Amino acid sequence: MSEMRPQLVATAAALFAGAPDWPALAASGLPLLLVPEASGGFGGDWGDAAAVLREAGRAALAAPLGETMVASKLVAGARASVQQGQGTLAVATGWLTATQSVQRFNGSARGVAWGAAADWLVAGHHGRALLISTYAATAGANPAGEPRDSLVLDAAPTLVLGRADVLELGAFVRVAQIAGGLEAALALAVDHVNSRVQFGKPLARQQAIQQQLAVLAGEVAAAGMASAAAARALDASRDARFEIAAAKLRANLAVARGVGIAHQVHGAIGFTMDYPLQRLTRRLIGWRSEFGGDAFWAARLGQRALALGGAGLWAEMARQGDR
């Protein structure tokens, strides 16, 4: 754990509360949180990133902060010049060619967060990370109305950064955001049922409401632990595929259960544009499907379990826990 993490989280929370634009985020240094100090960054670890992104999720921050954090780390790790401006992450399909010592990528990427607004892109392609800064974009949006654009990469000049699973790192970002978003939804639900009186007593004293909130609190805790476990695995510099797959699947399930409960205890007010719950839940629904939905991560975990066998799976889980 970074010694500066509590101060870092407090600073991030205060910044996010003001709905900062990208220049304000860039000025804070948070986009370079995972970049080593020697390369001009903060020098934070994955646990720091998870903590900050949890605050971003709690605040429903509308910016590709996590994408730029991870993309900047991949660029710095390849000893390339750290990029300026707003970056993003994507998983691309297509092919890489070399022409006159220049590598070029032809293909596309869909659902790219702030793809049209980004100054550069790190795309995952067959287990490698590619740095690309020239592409055409078609506007799209997630359920919250945030940009999720389609990109066309037409012989785009490309720098191969090295081996990296961009999909997994993007999933790590979404898990942390989900943990924060669900936590904020729970806080809103608790405040609402304590202040709303029905049938002569606060909703919070209704047994059915108490049961629903207990389930929601359990989902919040599960998502938070999933995020922490994934960050610990990455910080241990080991193969984190198992932890990230389990974390994204568990966080996705928490969204599926938690969003419905949050809206049920609120009633109709939770859907109104003036009430903050929908700002959280619409993002949570979008984050659930980004960088791998339920079926994708369940299949990946299932394949891993089948490959290990019963005894092998238990031994692997025990080893992961001991580490």
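Residues numbered from 1 in each chain as written. Predicted model: local features only at pLDDT ≥ 70, side-chain atom pairs only at ≥ 80, totals over all residues. Heavy atoms only, no water.

**Concerning the pattern of salt bridges**
Any two side chains of opposite charge can pair, given that their charged atoms come close.
Okay, so step 1: Applying the stated rule across the entire model yields 17 salt bridges.
Okay, so step 2: Notably, a salt bridge pairs R174 with E67, separated by 2.6 Å at the nearest N-O pair. Taken as a pair, R174 in helix α5 (residues 166-195) and E67 in helix α4 (residues 65-77) lie far apart in primary sequence, 107 residues in all. Of the two residues, R174 and E67, both sit in the buried class.
Okay, so step 3: Between R148 and E146 there is a salt bridge; the shortest N-O distance is 3.6 Å. The two residues R148 and E146 agree in class, both being buried.
Okay, so step 4: One connected set of salt bridges, linked through shared partners, spans E67, E146, R148, R174, R283 and E290. (Salt bridge = Lys/Arg side-chain N within 4 Å of Asp/Glu carboxyl O. Helix = DSSP H or I, 4+ residues; strand = E, 2+ residues; numbered from the N terminus. Buried < 20%, exposed > 50% of the residue type's maximum accessible area, 1.4 Å probe, protein only.)

**Some remarks on the domain arrangement of the protein**
Okay, so step 1: Each assigned domain of the protein is listed with its residue range as follows: domain 1 (2-164) and domain 2 (167-322).
Okay, so step 2: Relative to domain 2, the C-alpha centre of domain 1 lies at a distance of 23 Å.
Okay, so step 3: Domain 1 puts 25 residues into the contact, and the matching count from domain 2 is 27 residues.
Okay, so step 4: Where domain 1 abuts domain 2, roughly 2200 Å² becomes buried across the two surfaces, and 62% of that area is made up of carbon and sulfur atoms.
Okay, so step 5: For the pair domain 1 and domain 2, the number of links is 5 salt bridges.
Okay, so step 6: In this structure, the connection of domain 1 to domain 2 is made through 9 residue pairs in polar contact (both at pLDDT 80 or more).
Okay, so step 7: In terms of residue class, the side of domain 1 that touches domain 2 is built from 14 nonpolar, 5 polar and 6 charged. (Domains from an automatic or database assignment. Contact = heavy atoms within 4.5 Å. Buried area = accessible area lost by both parts, 1.4 Å probe. Polar contact = N/O pair within 3.5 Å; in protein donor to acceptor, adjacent residues only side chain to side chain. Nonpolar A, V, L, I, M, F, W, Y, C, P; charged D, E, K, R; others polar.)

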